[in-house]
Amino acid sequence: MALDLAKYFDNAAATPVDERVLAEMLPFLNENFYNPSSIYLASRAVKQTLQTAREDVAHWLGARPSEIFFTAGATEANNLAIEGVIGQNPNTTVVLSVIEHESVLEVPSKEQARFVGVDERGMVRLSQLENAIDDTTCLVSIMYANNEIGTVQPLKEIADLISKLRDDRRSRGIDVPLYFHTDASQAANYLDLHINKLNVDMMTLNSAKTYGPKQVGALYVRSGTVLKPLIVGGGQEKGLRSGTENVAGAVGFAKALSIAQKMRHDEAHRLEKLSQKMVEELLKIDDAQLLGHKKHRLANIVSILFSKLDGERLVMMLDEQGFQVATGSACSALSDESSHVVKALGFSDEEAKGSIRISLGRMTTERAVDELVAILPDLVKEARLLT
Ligand code: PLP
């Protein structure tokens, strides 16, 4: 990747499109622009390319191509998973963790949603989860890795619990289905996505966080899982997501996912070392603490809470020095409220305002990390004086 974005530390918000991805996409924006639904040869070739992209995505999940549905991003995939199940099963409820992304949290109505808390490291409380699931629950949605603090959830353990409850429900003759969905938006660069290892029924993927184009994503839907479509029309994506397919987007995403999954071990290893070094240095600053789980965390997210400090001010100061970092998530940064994720860890509104998220990525260098940790202590001091 030729771009010099070493000082860009907001990779959890957006990643640049990899040039190899862009190269794969371009022909489908110009000479191969055809509508995949038309019947002449050129269109059939484009349709075949879309199918190949679907096969490529399915490969990394160990899924069948027929179980992959392309969407216009992860927000839509999350909406489709939740609204799709509720729409198909009226008068049921869904169970969500309190640290889900807004595109999950905002979907069910107050009456339809039950929430499960997390511990101080951001791990879903399994006993609360078990208690929250009752015979009206048709869906559990727990994210794979959190976008603000990086905590990785034990999906397999959660899936086993859900399987047990599903079996119990069946043995009592209750026929409300119980599905397990995970939002894996932040996971593809570092974690294994095999659905049978994780034992999920639906999984959201996000091209925009994987060095692919924005507004492209996919929902894996295990065969046998019935969803009501959100967007109706021409019946594309087997009727689950109408609208002329974004072939260039799907091709780009498939390429981006392949690159990310091929390099995930090396990248996780490289970034773990860099983020560990960063954490060690930042924890030397007075009243600084690392948020999230120490071990079960994404290699690229360092979320730090500084007491008595306005995180937004610190972010602006860093920007003046050429470093881009975030407070909370890019999406919640649109509102004035402090992060619902940091508050869920047990911090007050005021305390939560002192958190910043530094998210590393493919362009991050050791030198940039060293430069960032060298200037932060003084900037934190200055920001505290101004707070
Ligand atoms: N889920 C998670 C965990 C995210 O981090 C994001 C984006 O920040 C989304 C969903 C939504 O992705 P998009 O805005 O690309 O639809």
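For clarity, every value in this text was computed on a predicted model and none was experimentally measured. (Residues numbered from 1 in each chain as written. Predicted model: local features only at pLDDT ≥ 70, side-chain atom pairs only at ≥ 80, totals over all residues. Heavy atoms only, no water.)

Engineer: What is the right way to look at the overall build of the chain in this model?
Structural biologist: For the chain, the count of helices and strands is 13 helices and 10 strands. Since a compact globule built from 387 residues should have a radius of gyration of about 21 Å, the 21 Å found for the chain is in line with a globular shape. Judged by the C-alpha coordinates and their principal axes, the chain covers about 65 × 55 × 35 Å. The buried share of the chain, taken over its 387 residues, is 56%. Partitioning the contacts of the chain with sequence separation of at least 6, the portion at a separation of at least 24 is 71%. Here the chain displays about 16900 Å² of accessible surface, and carbon together with sulfur accounts for 51% of that area. For the chain, the distance from the average position of its 42 positive side-chain charges to the average position of its 52 negative side-chain charges is 4 Å. (Helix = DSSP H or I, 4+ residues; strand = E, 2+ residues; numbered from the N terminus. Rg over C-alpha atoms; globule rule 2.2 N^0.38 Å. Buried < 20%, exposed > 50% of the residue type's maximum accessible area, 1.4 Å probe, protein only. Contact = heavy atoms within 4.5 Å. Areas by Shrake-Rupley, 256 points an atom, 1.4 Å probe, with all protein chains shown as cover. Lys, Arg positive; Asp, Glu negative; His and termini not counted. Charge placed at Lys NZ, Arg CZ, Asp CG, Glu CD.)

Engineer: In this structure, what is going on with helix H9 (residues 264-282)? I would like to understand it.
Structural biologist: Residues spaced three or four apart along an α-helix point in a common direction, a consequence of the helix completing one turn every 3.6 residues. The end-to-end C-alpha distance of H9 is 26 Å, a good match for the 27 Å that 19 residues give at a rise of 1.5 Å each. For H9, the complete set of buried residues consists of Arg-264, Glu-267, Ala-268, Leu-271, Leu-274, Ser-275, Met-278, Val-279 and Leu-282. Buried residues of H9 fall within an arc of 145° about the axis and therefore sit on the same side. Facing away from the buried surface of H9 by more than 90 degrees, the exposed residues are His-265, Asp-266, His-269, Lys-273, Gln-276 and Glu-280. Contacts made by the buried residues of H9 are with helix H8 (247-262), strand S8 (288-290), strand S9 (301-306), strand S10 (355-359) and helix H13 (366-386). (Expected span 1.5 Å × (residues − 1). Arc of directions from axis to C-beta.)

Engineer: Help me out: how do you make sense of the packing of aromatic side chains in this one?
Structural biologist: Describing an aromatic ring pair means giving the distance of the ring centres and the angle of the ring planes. Going through the model one piece at a time under the given rule, you end up with 3 aromatic pairs. An aromatic cluster is defined as three or more aromatic residues linked by ring pairs; in this entry it consists of Phe-33, Tyr-34 and Tyr-40. When the ring centre of Phe-323 is taken as origin, the NZ or CZ atom of Lys-7, which lies over that ring, is 4.9 Å away. Of note, Arg-362 hangs over the ring of Tyr-211, and the distance from its end group to the ring centre comes to 3.8 Å. (Phe/Tyr/Trp six-rings, centres within 6.5 Å; stacked < 30°, edge-to-face > 60°. Lys NZ or Arg CZ within 6 Å of the ring centre and 35° of its normal.)

Engineer: Sorry, what's going on with the packing of H9 against H13 here?
Structural biologist: Angle between the axes and distance between the axes are the two parameters that describe a pair of packed helices. The interhelical angle for the contact between H9 and H13, taken along N-to-C directions, is 10°, at an axis separation of 10 Å. As the angle between them shows, H9 and H13 are arranged roughly parallel. Between H9 and H13 lies a crossing whose hand is right-handed. Residues Leu-274, Lys-277, Met-278, Glu-281 and Leu-282 of H9 form the contact with H13, whose participating residues are Glu-366, Val-369, Asp-370, Leu-372, Val-373 and Leu-376. By residue class, the composition of the contact of H9 with H13 is 7 nonpolar, no polar and 4 charged. (Axes fitted to C-alpha atoms, helices over the stretch in contact; angles between N-to-C directions. Parallel < 35°, antiparallel > 145°, perpendicular 65-115°, else oblique. Left-handed = near helix turned anticlockwise from the far one by under 90°. Nonpolar A, V, L, I, M, F, W, Y, C, P; charged D, E, K, R; others polar.)

Engineer: Hey, could you run me through the nonpolar core in this one?
Structural biologist: Burial of nonpolar side chains together is a common tendency in soluble globular proteins. Ranked by internal contacts, the top residues of the largest apolar core, which has 93 residues, are Phe-9, Leu-61, Leu-193, Met-203, Met-278, Leu-314 and Ile-358. The dominant element in this core, judged by the number of residues it contributes, is H13, at 8 residues. Among all residues touching Phe-9, those that are not within four sequence positions of it are Met-278, Phe-323, Gln-324, Val-325, Arg-357, Ile-358, Ser-359, Leu-360, Thr-364, Ala-368, Val-369 and Leu-372. (Core = buried A, V, L, I, M, F, W, Y, C linked by side-chain atoms within 4.5 Å.)

Engineer: What's the story with the sheet that holds strand S7 (residues 217-221) in this structure? I'm lost.
Structural biologist: The pairing of strands in a sheet comes from backbone hydrogen bonds and takes either a parallel or an antiparallel form. A sheet is described by the order of its strands in space; here 7 strands give the open sequence S1-S7-S6-S5-S4-S2-S3, paired in mixed fashion. Single-partner strands in this sheet number two, and they are strand S1 (68-71) and strand S3 (113-116). For this sheet, the mean inter-axis angle between neighbouring strands, taken without regard to orientation, is 20°. With 4 bridges joining them, S1 and S7 adopt antiparallel strand pairing. If you follow Thr-71 over to S7, its bridge partner there is Gly-217. Helix H3 (residues 74-88) rests against S1, strand S2 (93-97), strand S4 (137-141), strand S5 (179-183), strand S6 (202-206) and S7 of the sheet, and its axis sits at about 160° to S6. (Pairing = 2+ DSSP bridges.)

Engineer: What should I look at first to understand the site of the ligand in this one?
Structural biologist: Taken together, the neighbourhood of the ligand is formed by 13 residues, with Thr-75, Asp-183, Gln-186, Asn-206 and Lys-209 sitting nearest. Ala-74 places a main-chain nitrogen or oxygen 3.4 Å from an oxygen atom of the ligand. At 3.2 Å, a side-chain N or O of Ser-185 approaches a nitrogen atom of the ligand. In isolation the ligand offers 390 Å² of accessible surface; the protein chains occlude 87% of this area. Top element by residues in the shell around the ligand is H3. It accounts for 3 residues. Here the shell around the ligand is composed, by residue class, of 3 nonpolar, 8 polar and 2 charged. (Near = heavy atom within 4 Å. Polar contact = N/O pair within 3.5 Å; in protein donor to acceptor, adjacent residues only side chain to side chain.)

Engineer: I'm lost on the environment of Arg-166 in this one. Help?
Structural biologist: Counting through the fold element by element, Arg-166 comes out in helix H6 (residues 155-171). Sequence-wise, Arg-166 and Asp-135 are 31 residues apart; in three dimensions their C-alpha atoms are separated by 9.4 Å. Not counting residues within four places of it along the chain, the set of residues in contact with Arg-166 comprises Leu-178, Tyr-179, Phe-180 and Asp-201.

Engineer: It is not clear to me how the sheet that holds S10 should be interpreted in this structure. Could you clarify?
Structural biologist: Taken in spatial order, the 3 strands line up as S8-S9-S10 in an open sheet, and their pairing is antiparallel. Either end of the sheet is taken by a strand with one partner, and the two such strands are S8 and S10. The mean angle between the axes of side-by-side strands here comes to 25°, regardless of whether they run parallel or antiparallel. In terms of strand pairing, S9 meets S10 through 5 bridges, oriented antiparallel. Bridge pairing in S10 places Leu-305 opposite Ser-355. Sheet strands touched by helix H10 (residues 311-320): S9 and S10. Its angle to S10, the strand with the most contacts, is close to 40°.

The quantities given are spatial measurements derived from coordinates; they are silent on function.
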